[in-house]
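# What the coordinates show
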Amino acid sequence: MAGEQLQVLSALDLARTQWYHFTAIVIAGMGFFTDAYDLFSISLVTKLLGRIYYHVDGAPKPGTLPPRVSAAVNGVALCGTLAGQLFFGWLGDKMGRKTVYGITLILMVVCSLASGLSFGDEPKAVMATLCFFRFWLGFGIGGDYPLSATIMSEYANKKTRGAFIAAVFAMQGFGILAGGIVSLIVSAAFDHRFKAPSYQDDPVGSTVKQADYIWRIILMFGAVPAAMTYYWRMKMPETARYTALVARDAKKAATDMSKVLQVEIEAEETKVEKLAMESAYSFGLFSREFARRHGLHLLGTTTTWFLLDIAFYSQNLFQKDIFSAIGWIPKAETMNATQEVYRISRAQTLIALCSTVPGYWFTVAFIDYMGRFAIQLMGFFFMTVFMFALAIPYHHWTLKPHRIGFVVIYSLTFFFANFGPNATTFVVPAEIFPARLRSTCHGISAAAGKAGAIIGAFGFLYAAQSQKKSETEAGYPPGIGIKNSLIVLGVINFLGMLFTFLVPEPKGKSLEELSGENEDDSPELDMQPPTNRTVPV
C-alpha cells in the first residue's frame, strides 16, 4: 500500500528529458573524468620514476621502484579514495549534496597540482611528497563517487535514470583515454626535443635530466578539467529529494525545481511534515528496520563492487606488465626513458579506445532496456570466461604469432567489465536506499570496491611476479606468475556473478518506491511481501 508521492518528486520522476539533465551529466561527469585521469595516470609514469630515482650503476636493466615504494605510489590514492567515500558519503547526507560537492572539487584541484611538486630532490623526499598529496587527492576523489551518483539519481526521471547515472560514470572512460593521450603528447614532445640513446647503449644518458618534468606535467594536468567545472557545480541547486525529504524544506524544494523544470510546483509543507513523522522516514543505518529492509541489498552492492574492483584495478593498474610479458611493449633496456613512457601510454590508449570507452557507452545505451541485473550478470559471466581463456592456454598467447589474439581477448574483458559490473555497481546503490542514507550507503558500497582495488593493486604487484627467482623484478620475491594470477581473477569474477543475485532490479521504479519511502506505515504493509525483487520477472 503506497502513500501519495510529493508533487515535486513526481514532477522529477515524470519529467521529459530536458537540457538540465545533460547539464547535470556534464557537470557531474567531469568530476569522474578527473577521477579516472588522476587514479590511472600514475600507472603510466611508475616505470619512469624508477629510472629517474632508483638507477643502479652497472645494472643490466633500468632502475625500478622498490616493491614497497611501488605499492605506496600505486595504492596510496586508493586508500585516500576509500576514506573519502566513507567520510564524504556520510557528510553528503548530513550537510547536503551541493555543499560537500564543492569541497571535494577544491581538494581534487589543489592536490592534483601539488602531486607534481617535491620537497627536495632525494628519492625519499620525492616519493613521500607524491604519496602525501596523492592520498589527499584520493580523499577528494572518494567524495565524488557517492555525491555524483546521488545527485544524478535524484535529478533524473525514472524512465531514463539508469542511462543518466551510467553516463556520469562513463566519463571515467574518457578520463582514462585522456590520461593516455596527454602522456603520449608529453612523452613524444620530450623525446623529439631531447634525444637520448637506449639504456643498453648508455645507461645514464638514456634518462635525460628533463625527463623529471614529464611525470609532473602528466599528473598536474588532472587539475584542469576539475577546475573548469567548479563554477557550474556551485550554480546547481540542491536536489529536491534532499531538500524535501531530509532537510524538510518543502518550499525551497518546490522553488528550486520550479526553476529547473520551468513549471509551477506546489510546496506541500503539510505533507512533508506528515512524512517526517512516519517510521519509514526515521530509521537509521544501524537499526533493525534498515537491516530488514535493506540489509541484503547493502550486502549485495558491497560484495559485488568489492569483487569487481579486485579484478578491474589489478588489470588496469598493471596492464603495462602484461603487455611487456607478451612482448607488446619492448624490453625496457632497448628503450630510453621517454620512449618507454610513450609505449606504455600508447598501449593504454589503444585499450581505452577499443574496449574501455565503448563498454561504458554500451551500458548507457542498454541499461534502461535490459536492466541493471541482466547487464551485471552478463558482464561478470563474460569476464570469467575471458579470464580463463587467457589463463589456461597462457603459454600459447606469449608466442609471437598469437600476441594480437591475447590483446583482443584482454580487451574484451575490459569491454564486458564496463558493459557490465563496473558501471552497474556504481548505478544501483544510488537508487535503492532511502534519501537520508543514500549518499552514505553509496559511499559504503564504493569503499568496499576500493578495498577490493587496494587488494588488486597491492596483491598483484607480488602475485604477478614470475615463479622463478631469476625472472622477478628487482626487490620482489617470486610470485605465482601472470597465468595463475589470471586464474585467481577468473574465480573472483565468478563469485561476483553469484553475489549479483542479492542486488535488486531498480529499472522503471521511482526512488521512493525502491527505498520504501512512499509506503504507508500500516499493518497491512507488514503482511505484504517486499516489492524489490532480487531477480526481475
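Residues numbered from 1 in each chain as written. Predicted model: local features only at pLDDT ≥ 70, side-chain atom pairs only at ≥ 80, totals over all residues. Heavy atoms only, no water.

### Some remarks on the overall build of the protein chain
- Helix and strand counts for the protein chain stand at 23 helices and 0 strands.
- In the protein chain, which comprises 537 residues, the share counted as buried stands at 60%.
- For the protein chain, contacts bridging at least 24 residues in sequence account for 83% of all contacts bridging at least 6.
- With an accessible surface of roughly 20,900 Å², the protein chain has 67% of that area assigned to carbon and sulfur atoms. (Helix = DSSP H or I, 4+ residues; strand = E, 2+ residues; numbered from the N terminus. Buried < 20%, exposed > 50% of the residue type's maximum accessible area, 1.4 Å probe, protein only. Contact = heavy atoms within 4.5 Å. Areas by Shrake-Rupley, 256 points an atom, 1.4 Å probe, with all protein chains shown as cover.)

### Notes on the pattern of salt bridges
- Per the counting criterion, the structure on display carries 15 salt bridges.
- Note that Asp144 is salt-bridged to Arg233, the shortest N-O span being 3.0 Å. Linking Asp144 in helix H5 (residues 123–155) with Arg233 in helix H9 (residues 230–235), this pair joins segments that are 89 residues apart in sequence. The same class applies to Asp144 and to Arg233, which are both buried.
- We note a salt bridge from Lys450 to Asp309, for which the minimum N-O separation is 3.6 Å. Here the residue Lys450 occupies a position in helix H20 (residues 435–463), and Asp309 occupies one in helix H13 (residues 288–317), the gap between them amounting to 141 residues. Take Lys450 and Asp309: they sit in the same class, and that class is buried.
- Each of Asp93, Arg97, Glu154 and Arg438 takes part in salt bridges that share partners, so that together they form one network. (Salt bridge = Lys/Arg side-chain N within 4 Å of Asp/Glu carboxyl O.)

### Some words on the packing of helix H2 (residues 19–53) against helix H6 (residues 161–193)
- Contact geometry for H2 and H6: axes closest at 6 Å, N-to-C directions at 40°. Put simply, H2 runs oblique to H6. Where H2 crosses over H6, the handedness of that crossing is right-handed. (Axes fitted to C-alpha atoms, helices over the stretch in contact; angles between N-to-C directions. Parallel < 35°, antiparallel > 145°, perpendicular 65-115°, else oblique. Left-handed = near helix turned anticlockwise from the far one by under 90°.)

### Some words on the packing of aromatic side chains
- Scanning the model with the defined rule gives 36 aromatic pairs in all.
- Aromatic pair Phe87 and Trp90: ring centres 6.2 Å apart, planes at 45°, arrangement tilted. One end of the pair is Phe87 and the other is Trp90, both in helix H3 (residues 67–95) and 3 residues apart, which spans about a single turn.
- Looking at Phe87, the relative accessible area reads 36%, which means it is partly exposed.
- Note on Trp90: relative accessible area 42%, which makes it partly exposed. (Phe/Tyr/Trp six-rings, centres within 6.5 Å; stacked < 30°, edge-to-face > 60°.)

### Details of the nonpolar core
- Of all hydrophobic cores here, the largest spans 138 residues; its most connected members are Tyr145, Trp215, Met257 and Phe426.
- Here the element with the most residues in this core is H2; it accounts for 18 residues.
- Excluding anything up to four places from it in sequence, Phe426 contacts Phe32, Tyr145, Ala149, Ile165, Phe169, Trp305 and His442.
- Phe283, Leu285, Phe290 and Leu298 belong to the second largest nonpolar core, which has 11 residues in total. (Core = buried A, V, L, I, M, F, W, Y, C linked by side-chain atoms within 4.5 Å.)

### With respect to the packing of helix H15 (residues 337–370) against helix H18 (residues 403–418)
- Packing of H15 against H18 brings their axes to within 7 Å, and their N-to-C directions diverge by 25°. The orientation of H15 relative to H18 falls into the category roughly parallel. Handedness of the crossing formed by H15 with H18: right-handed. Residue-level contacts link Ile351, Ser355, Thr356, Pro358, Gly359, Tyr360, Phe362 and Thr363 of H15 to Val407, Tyr410, Ser411, Phe414, Phe415 and Asn418 of H18.
- Among the residues making up the contact of H15 with H18, the classes are represented as 8 nonpolar, 6 polar and no charged. (Nonpolar A, V, L, I, M, F, W, Y, C, P; charged D, E, K, R; others polar.)

Any functional reading would require information that these geometric values do not contain.
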